[in-house]
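Structure at a glance
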Amino acid sequence: MLFYYVRHGEPIYNPDSLTPLGQEQAKALAKRLCIHGIDRVFSSPSNRAMQTAKPICDLLHKEITLCDWAEEGLAMRDFGVPHPVHGRTWCFYDNRILEIFRSPEVRKLDDKWYEHPQLAAYDFARGVERVNTAVDEFFLSLGYRHDRENSRYEVVKPNRDRVALFAHQGFGIAFFSSMLDIPYPIFATHFDFSHSSMSVINFETRGQYVYPQVLQTSNDAHLYREGILTGYHNSIKF
């Protein structure tokens, strides 16, 4: 199985939708994905995620299966912290928490990172448990049982499908941390996703087990093909 994680195109957050640029990004992505096809399409229930998925679904005549657990608002509830201006922001945007995330004490706690005394004021444990449960149920439905103790997946029903999940940045960081058994502070500190980017993970069966291999992260070659340059959060151009 090849698994694609796609962040939505450039958004308008209120009302929840895509900008004209975001719509062009979604069309460019659809052209890229339709070359080899997608067998199953999943999406967060947010309009911006569904609108990003729509062009490829139209091209391949696929239906979208909604995943309520991938909604960005739930992820912000679980992994957000108070902000004096915006009310709430992602924990990985808070410099004080980032310093804690990088500390040797947090690294030693590994997947129990949220038990660090300076993080005890936040209910990160609830978020980790919620996302872990959702991730394990999702991949089991695709034929792979997550063996967290050994950081691998047991093959229940192997397939050669190409499966895409269209969702978000903040949720995606928690999702990848859970899927790959990488402690959240490590992934949140060092990885991110650009608008309409796709990340590809290979669930190649090796005997009874699968060790997911990341082939690409935050790839946006489809934008260059259509003459659209990357503008990460409309601030970093490359």
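This structure is a prediction, so every number in the text was calculated from the model and none was measured. (Residues numbered from 1 in each chain as written. Predicted model: local features only at pLDDT ≥ 70, side-chain atom pairs only at ≥ 80, totals over all residues. Heavy atoms only, no water.)

Some remarks on the environment of glycine 87
With respect to the element layout, glycine 87 can be found in strand S7 (residues 87–90). Taking C-alpha positions, glycine 87 is 34 Å from proline 55, a pair spaced 32 residues apart along the chain. Residue contacts for glycine 87: discarding those within four places in its chain leaves Val81 and Pro82. (Helix = DSSP H or I, 4+ residues; strand = E, 2+ residues; numbered from the N terminus. Contact = heavy atoms within 4.5 Å.)

Quick notes on the packing of aromatic side chains
Aromatic ring pairs are defined here through the distance separating the ring centres and the angle between the ring planes. Scanning the model with the defined rule gives 32 aromatic pairs in all. Lying over the aromatic face of tyrosine 209, arginine 152 brings its terminal NZ or CZ to 3.6 Å of the ring centre. (Phe/Tyr/Trp six-rings, centres within 6.5 Å; stacked < 30°, edge-to-face > 60°. Lys NZ or Arg CZ within 6 Å of the ring centre and 35° of its normal.)

Some points on the side chain of aspartate 94
With respect to the helices and strands, the residue aspartate 94 is situated in the loop between S7 and helix H4 (95–101). One polar contact links the side chain of aspartate 94 to the main-chain amide nitrogen of isoleucine 97, over a distance of 3.1 Å. (Polar contact = N/O pair within 3.5 Å; in protein donor to acceptor, adjacent residues only side chain to side chain.)

Re the pairing of strand S8 (residues 144–147)
In the sheet, S8 pairs with strand S9 (residues 152–155) via four bridges, with the strands oriented antiparallel. Residue pairing in the sheet places tyrosine 144 in a bridge with valine 155 of S9. Hairpin remark: S8 followed by S9, antiparallel, with four residues in the connecting loop; positive phi at serine 151, about 50°. (Pairing = 2+ DSSP bridges.)

Side note on the packing of helix H3 (residues 72–79) against helix H6 (residues 124–141)
As a packed pair, H3 and H6 sit with axes 7 Å apart at the nearest point and diverge in direction by 140°. Contacts between H3 and H6 pair Leu74, Ala75, Arg77, Asp78 and Phe79 from the former with Phe124, Arg126, Gly127, Val128, Arg130 and Val131 from the latter. In terms of residue class, the contact of H3 with H6 is built from six nonpolar, one polar and four charged. (Axes fitted to C-alpha atoms, helices over the stretch in contact; angles between N-to-C directions. Nonpolar A, V, L, I, M, F, W, Y, C, P; charged D, E, K, R; others polar.)

Description of unusual backbone geometry
Here the amide bond leading from asparagine 14 into proline 15 is cis, since omega sits at 0°, within 30 degrees of zero. Unlike most non-glycine residues, serine 151 shows phi in positive territory, near 50°. Following the sequence through the fold, serine 151 ends up in the loop between S8 and S9. Judged by its relative accessible area of 38%, serine 151 is partly exposed. With a phi close to 60°, aspartate 181 is a non-glycine residue in the positive phi region. If you trace the backbone, aspartate 181 turns up in the loop between helix H7 (169–180) and helix H8 (184–190). In this structure aspartate 181 comes out as partly exposed when scored by relative accessible area, which is 24%. (Buried < 20%, exposed > 50% of the residue type's maximum accessible area, 1.4 Å probe, protein only.)

Points about the sheet that holds strand S13 (residues 209–210)
The sheet built from four strands is open, its strands ordered S8-S9-S13-S12 with antiparallel pairing. Bordering the open sheet on either side are S8 and strand S12 (205–206), each of which pairs with just one other strand. With two bridges connecting them, S9 and S13 associate as antiparallel partners. Bridging across to S13, tyrosine 153 finds its partner in valine 210. Each of S8 and S9 is contacted by H6, which is oriented at about 145° to S8, the strand it contacts most.

What about the sheet that holds strand S5 (residues 64–66)?
Judged by pairing direction, the sheet is mixed, and its six strands sit side by side in the order S5-S4-S10-S1-S11-S14 without closing on themselves. Looking at the sheet topology across the chains shown, the edges are occupied by S5 and strand S14 (213–219). Going across the sheet, the axis of each strand differs from the next one's by a mean of 20°, ignoring polarity. Inspection of the sheet shows strand S4 (residues 40–43) paired to S5 by three bridges, in the parallel sense. Among the inter-strand pairings, serine 43 is bridged to a residue of S5, identified as leucine 66. Packing of helix H1 (residues 20–33) onto the sheet brings it into contact with strand S1 (2–7), strand S10 (162–167), strand S11 (198–202) and S14, and relative to S11 it is tilted by some 30°.

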